[in-house]
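For reference, the chains in residue letters:
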Amino acid sequence: MANTIETLMIDDSTTISSAEYNLNKNEMIVYFNNEGIYKYSSIPLFYWRGLFESASKGKFLNQFILGKFTFTKLN
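Residues numbered from 1 in each chain as written. Predicted model: local features only at pLDDT ≥ 70, side-chain atom pairs only at ≥ 80, totals over all residues. Heavy atoms only, no water.

### Quick look at the overall build of the chain
Helices and strands together make up the secondary structure of the chain, namely two helices and five strands. Beginning at the N terminus, the succession of helices and strands in the chain can be written as β-β-β-β-α-α-β. Dimensions of the chain along its principal axes, counting C-alpha atoms only, are 35 × 25 × 20 Å. Looking at the chain as a whole, 33% of its 75 residues are labelled buried. (Helix = DSSP H or I, 4+ residues; strand = E, 2+ residues; numbered from the N terminus. Buried < 20%, exposed > 50% of the residue type's maximum accessible area, 1.4 Å probe, protein only.)

Given below as C-alpha cells:
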C-alpha cells in the first residue's frame, strides 16, 4: 500500500516547523514554531505542493490557506 502521508520538515521558517498532508483525506496538519498545531480540511493537493515548493512557507500559508479553509486546533 502506498504511503498516504507526506511530511515537510522546515528548518528555515520563523513561522512553521513542519507540516503533513494526508493524500486520502486532503487534510493538512501544520506545526507552528509557537507550538500551535492546526489541522486544515479540504485542502486541494496543489496547495500542499505550493507550500512544499514556496520560498516562504509562512507567506504562502497566510496568502493561500489561513482564513480560506476550515481548521481545527489540535492542541
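### Observations concerning the packing of helix H1 (residues 45–53) against helix H2 (residues 57–64)
Across the interface, H1 lies against H2 with an axial gap of 8 Å and an inter-helix angle of 150 degrees. Relative to H2, the element H1 is oriented roughly antiparallel. Here H1 and H2 pass one another in a crossing that is right-handed. On the side of H1, the interface is formed by Tyr47, Gly50, Leu51, Phe52 and Glu53, while H2 contributes Lys57, Phe60 and Phe64. Here the contact of H1 with H2 is built from residues that sort into five nonpolar, one polar and two charged. (Axes fitted to C-alpha atoms, helices over the stretch in contact; angles between N-to-C directions. Parallel < 35°, antiparallel > 145°, perpendicular 65-115°, else oblique. Left-handed = near helix turned anticlockwise from the far one by under 90°. Contact = heavy atoms within 4.5 Å. Nonpolar A, V, L, I, M, F, W, Y, C, P; charged D, E, K, R; others polar.)

### Some words on the side chain of Asn22
Tracing the sequence through the fold places Asn22 in strand E2 (residues 16–22). Judged by its relative accessible area of 14%, Asn22 is buried. For Asn22, the side chain forms a polar contact with the main-chain nitrogen of Asn24, separated by 2.9 Å. What Asn22 contacts, discounting residues up to four positions off in sequence, is Thr4, Ile5 and Glu27. (Polar contact = N/O pair within 3.5 Å; in protein donor to acceptor, adjacent residues only side chain to side chain.)

### Things to note about the sheet that holds strand E3 (residues 27–32)
The strand order E1-E2-E3-E4-E5 describes an open sheet built from five strands, whose pairing is antiparallel. Because the sheet does not close on itself, it has two edges, and the strands there are strand E1 (5–9) and strand E5 (71–73). Across the sheet, the mean angle from the axis of one strand to that of its neighbour is 15 degrees, orientation sign disregarded. With five bridges connecting them, E1 and E2 associate as antiparallel partners. Residue Met9 lies in a different strand from E2, and its bridge partner there is Ser18. (Pairing = 2+ DSSP bridges.)

### A look at the packing of aromatic side chains
For the structure on display, the rule yields ten aromatic pairs. Considering the side-chain rings of Phe32 and Tyr38, the 5.7 Å spacing of their centres and the 85 degrees angle between planes classify their relative orientation as edge-to-face. This pair shows no difference in class: Phe32 is buried, exactly as Tyr38 is. Centre to centre, the rings of Tyr47 and Phe69 are 5.5 Å apart; their planes meet at 75 degrees, and the pair counts as edge-to-face. Taken as a pair, Tyr47 in helix H1 and Phe69 in the loop between H2 and E5 lie far apart in primary sequence, 22 residues in all. Overall, the relative accessible area of 18% leaves Phe69 in the buried class. (Phe/Tyr/Trp six-rings, centres within 6.5 Å; stacked < 30°, edge-to-face > 60°.)

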